[in-house]
Amino acid sequence: MIELYHIWKQYQKPHWAISDVSIEINSGDFCFITGPSGSGKTTLLKIIFREILPTEGQILIDGVNILKTPDHKIYRLRRTMGIVFQDFRLLFHQTVFDNVAIPLQIIGLPYKEIRRRVFNALRQVNLHHKMWEFPQRLSYGEQQRVAIARAIVNQPKILLADEPTGNLDPELAFEIMSIFKEINKRGATVIIGSHDRELIRHFGDKIFFLQKGKIIGKEAKQ
Amino acid sequence: MIFKQLSYLLKAAGNNLWNFRGRNFISVLIISFSFLVIGIFLALSNNLTYLGEQLSNNLAISFFLDKNLKSEDLDFIKSQILASSLVDQVTYASSDEALERFAANFPELKDILDNLQSNPFPPSYEVRLKEKAINLAAISSFMENIKQLKGVIDVQFNQEWVEKMDSLSRIVQAIGFFLGGILILASFFIISNIIRLNVFARKNEIEILRLVGATNTFIRIPFLIEGFTLGLLGSLISIFILFLLIKIFPLYVGSSLGAAKELFVLRNLTAEQLGWLITGGAVTGTLGSVTSVSRFLRV
């Protein structure tokens, strides 16, 4: 369970990127954070995986206050998460395989197991035939799918995705959402930042509406 | 845990060494130059120490005695000389033997000797020191003790030369360590900056690694391997160049130095000195990278 209590975030005075956001996301939820550009979606996701710290407020993940976790132990939290960054954050001098394998290599899995899991993850995003290509030779949409494969390869408990379908055609976007839904069915909590109304309407079980850093509405499918 | 990831870490370090080979090559050159300077001075100092040893091994101390000493006094002095652990052999040379030796060594002065009315040469004990008895302080105190005995009128020993050689060797060593120290410090900062550039070039990768759950140690190790390798390579290359210099120097430069040639011979380094040079290189490289990576690792 992810609980955010009275989260405030200020990058520069006097503007608040996030203003007093309190939300609860249950384990196994498939939820969207939506809102116009600049509403604070990315900031909120970054706060959840502790890339940035809030100015004020508390965050509990499975009862643990992650703001009190010492810096040198934060890697444990991140190993339970899969993250799809808005800008993909791929390593262009490494192959698709190497990029997707990073989360598995850092936990020291044997090479055979890494190969099997990377292949499966790439097959899920329909990129297994480009395993040995370098990212710069792939299209924008394909690069995005590599980023998704890297996020799901370690079967995370929590999957965070920031505009994961922003550059994909509607057909592929639906396919990717289906993959997320599949991961969600296996027990993972999925939180997606998106402004794609069609996708949200189709897939969203729980939706948080953000505007100017404030939660202005919440919707949950029964 | 880290051992399981060793192949990944080694691969990452290897990739980094290869990807930034230009600047890595320059840092290896700088390290090897620094260690080469130290190596050359060590080799020169080894030679001076060697010459000093040779000098002291070949030198005998002569204790000149009163002509009128009784045999029991002579025996007493001999026993006192032999009591020292520095002494290898003692030979007695009477006044007549000394005169004969002088006549044999300087035949052109025969006329002067023939005109002498009495034998001016005092009898003496000639003492050969044991090899490796280079300790000048011990030799001095031994000579002082014997000189105070009744009947010993003078002592002769080319101590000055041995001392000069000894202090020259120390000076050369000190200059070597001073210059080498400055150069090592410079190469430490250069390695540190080169690794920092490498870290900066891989900033994106470090960030991704951190965000997907890599520990700081995991991120740091490839850079440490890189620094260690650069330092080690640098010191090994310096030893190789030094080896070539030791072989080539006497052939081309040494012959033009004339009598001073002996002073400028580069003598091989001892195993211990080689060990220190290699360790020094590896430690310099590793420390250089530790300082630069730590500044970039903020979770």
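Residues numbered from 1 in each chain as written. Chains lettered and ligands numbered in written order. Predicted model: local features only at pLDDT ≥ 70, side-chain atom pairs only at ≥ 80, totals over all residues.

1. Some details on the overall build of chain B
Okay, step 1: A tally of regular secondary structure across chain B gives 10 helices and 4 strands.
Okay, step 2: Overall, chain B shows an N-to-C arrangement of helices and strands of α-α-β-α-β-α-α-β-α-β-α-α-α-α.
Okay, step 3: Counting across all 299 residues of chain B, residues that qualify as buried make up 33%. (Helix = DSSP H or I, 4+ residues; strand = E, 2+ residues; numbered from the N terminus. Buried ≥ 20, exposed ≤ 12 C-beta atoms within 10 Å, placed from the backbone.)

2. Comments concerning the overall build of chain A
Okay, step 1: Across its full length, chain A holds 7 helices and 10 strands.
Okay, step 2: The proportion of buried residues among the 222 residues of chain A is 44%.
Okay, step 3: In chain A, of all internal contacts separated by at least 6 residues, the share reaching a separation of at least 24 is 67%. (Contact = placed C-beta atoms within 7 Å.)

3. Focus: the sheet that holds strand β2 (residues 18–25) of chain A
Residues and elements named next belong to chain A.
Okay, step 1: The strand order across the open sheet formed by 4 strands is β2-β1-β4-β5, and the pairing between neighbours is antiparallel. Here the strands that pair on one side only, and so sit at the sheet edges, are β2 and β5 (64–65).
Okay, step 2: Contacting β1 (2–9), β2 and β4 (56–61), helix α1 (residues 41–48) crosses the sheet at an angle of about 125° to β1. (Pairing = 2+ DSSP bridges. Axes fitted to C-alpha atoms, helices over the stretch in contact; angles between N-to-C directions.)

4. Quick notes on the interface of chain A and chain B
Okay, step 1: Residue-level contacts link 16 residues of chain A with 16 residues of chain B.
Okay, step 2: Of all elements in the fold, only α2 (74–78) and α3 (96–105) of chain A reach the threshold of two or more residues within the side of chain A that touches chain B.
Okay, step 3: Grouping the constituent residues of the side of chain A that touches chain B by class yields 7 nonpolar, 4 polar and 5 charged. (Nonpolar A, V, L, I, M, F, W, Y, C, P; charged D, E, K, R; others polar.)

5. Regarding the nonpolar core
Okay, step 1: Core analysis: the largest hydrophobic core is formed by 104 residues, its most contacted members being Val100, Ala149, Leu159, Leu160 and Ile191 of chain A.
Okay, step 2: A total of 13 residues in this core trace back to one element, the largest contributor, which is helix α2 (residues 21–58) of chain B.
Okay, step 3: Core analysis: the second largest hydrophobic core is formed by 13 residues, Tyr125, Val127, Ile139 and Phe142 of chain B among them. (Core = buried A, V, L, I, M, F, W, Y, C linked by C-beta atoms within 7 Å.)

6. Quick notes on unusual backbone geometry
All names here are of chain A.
Okay, step 1: Across the junction of lysine 13 and proline 14, the peptide omega takes the value 5°, indicating a cis bond.
Okay, step 2: Here proline 14 is to be found in the loop between β1 and β2.
Okay, step 3: Its identity is not glycine, yet histidine 6 carries a phi of approximately 45°, on the positive side.
Okay, step 4: By the element assignment, histidine 6 lies in strand β1.
Okay, step 5: The exposed category is assigned to histidine 6, around which 12 C-beta atoms lie within 10 Å.
Okay, step 6: Its identity is not glycine, yet phenylalanine 88 carries a phi of approximately 65°, on the positive side.

7. Some thoughts on the environment of valine 28 of chain B
Residues and elements named next belong to chain B.
Okay, step 1: Structurally, valine 28 can be placed in helix α2.
Okay, step 2: C-beta crowding within 10 Å serves as the criterion here: with 27 such atoms nearby, valine 28 is assigned to the buried category.
Okay, step 3: Once the C-alpha coordinates of valine 28 and isoleucine 191 are considered, the two residues, 163 residues apart in sequence, prove to be 8.7 Å apart.
Okay, step 4: Ignoring anything within four residues of it in the chain, the contact list for valine 28 reads Leu230, Leu233, Gly234 and Ile237.

8. Structural notes on the packing of α3 of chain A against helix α4 (residues 111–124) of chain A
All names here are of chain A.
Okay, step 1: Taken N-terminus to C-terminus, the directions of α3 and α4 make an angle of 120°; their axes are 9 Å apart at the nearest point. Considering the angle they form, α3 stands oblique to α4. Between α3 and α4 lies a crossing of right-handed hand. Two secondary-structure elements touch here, α3 through Val96, Phe97, Val100, Ala101, Leu104 and Gln105 and α4 through Ile114, Arg117, Val118, Ala121 and Leu122.
Okay, step 2: Taken together, the residues that form the contact of α3 with α4 break down as 9 nonpolar, 1 polar and 1 charged. (Parallel < 35°, antiparallel > 145°, perpendicular 65-115°, else oblique. Left-handed = near helix turned anticlockwise from the far one by under 90°.)

9. Description of α3 of chain A
Okay, step 1: The buried fraction of α3 of chain A amounts to 9 of the 10 residues, a majority that puts the element mostly inside the structure.
Okay, step 2: Every buried residue belonging to α3 of chain A is among Val96, Asp98, Asn99, Val100, Ala101, Ile102, Pro103, Leu104 and Gln105 of chain A, and all of these are buried.
Okay, step 3: Lining the buried residues of α3 of chain A we find α4 and α5 (140–152) of chain A together with α1 (6–19) and α8 (203–211) of chain B.

10. A word on the environment of leucine 185 of chain B
Okay, step 1: The residue leucine 185 of chain B is located in helix α7 (residues 159–201) in this model.
Okay, step 2: The spatial distance from the C-alpha of leucine 185 of chain B to the C-alpha of glycine 288 of chain B is 9.8 Å, given a sequence separation of 103 residues.

11. Examining the pairing of strand β6 (residues 81–84) of chain A
Residues and elements named next belong to chain A.
Okay, step 1: Of the two faces of β6, the one holding Met81 and Ile83 and the one holding Gly82 and Val84 are both buried throughout.
Okay, step 2: Direction of pairing for β6 relative to strand β7 (residues 158–162): parallel, over a ladder of 4 bridges. Among the inter-strand pairings, glycine 82 is bridged to a residue of β7, identified as leucine 159.

12. Observations regarding the confidence of the model for chain B
Okay, step 1: On average, residues of chain B score 80 in pLDDT, and 86% of them reach the 70 mark or higher.
Okay, step 2: Of the two predicted TM-score estimates for the complex, the pTM is 0.66 and the ipTM is 0.86. (pLDDT = per-residue confidence, 0-100.)

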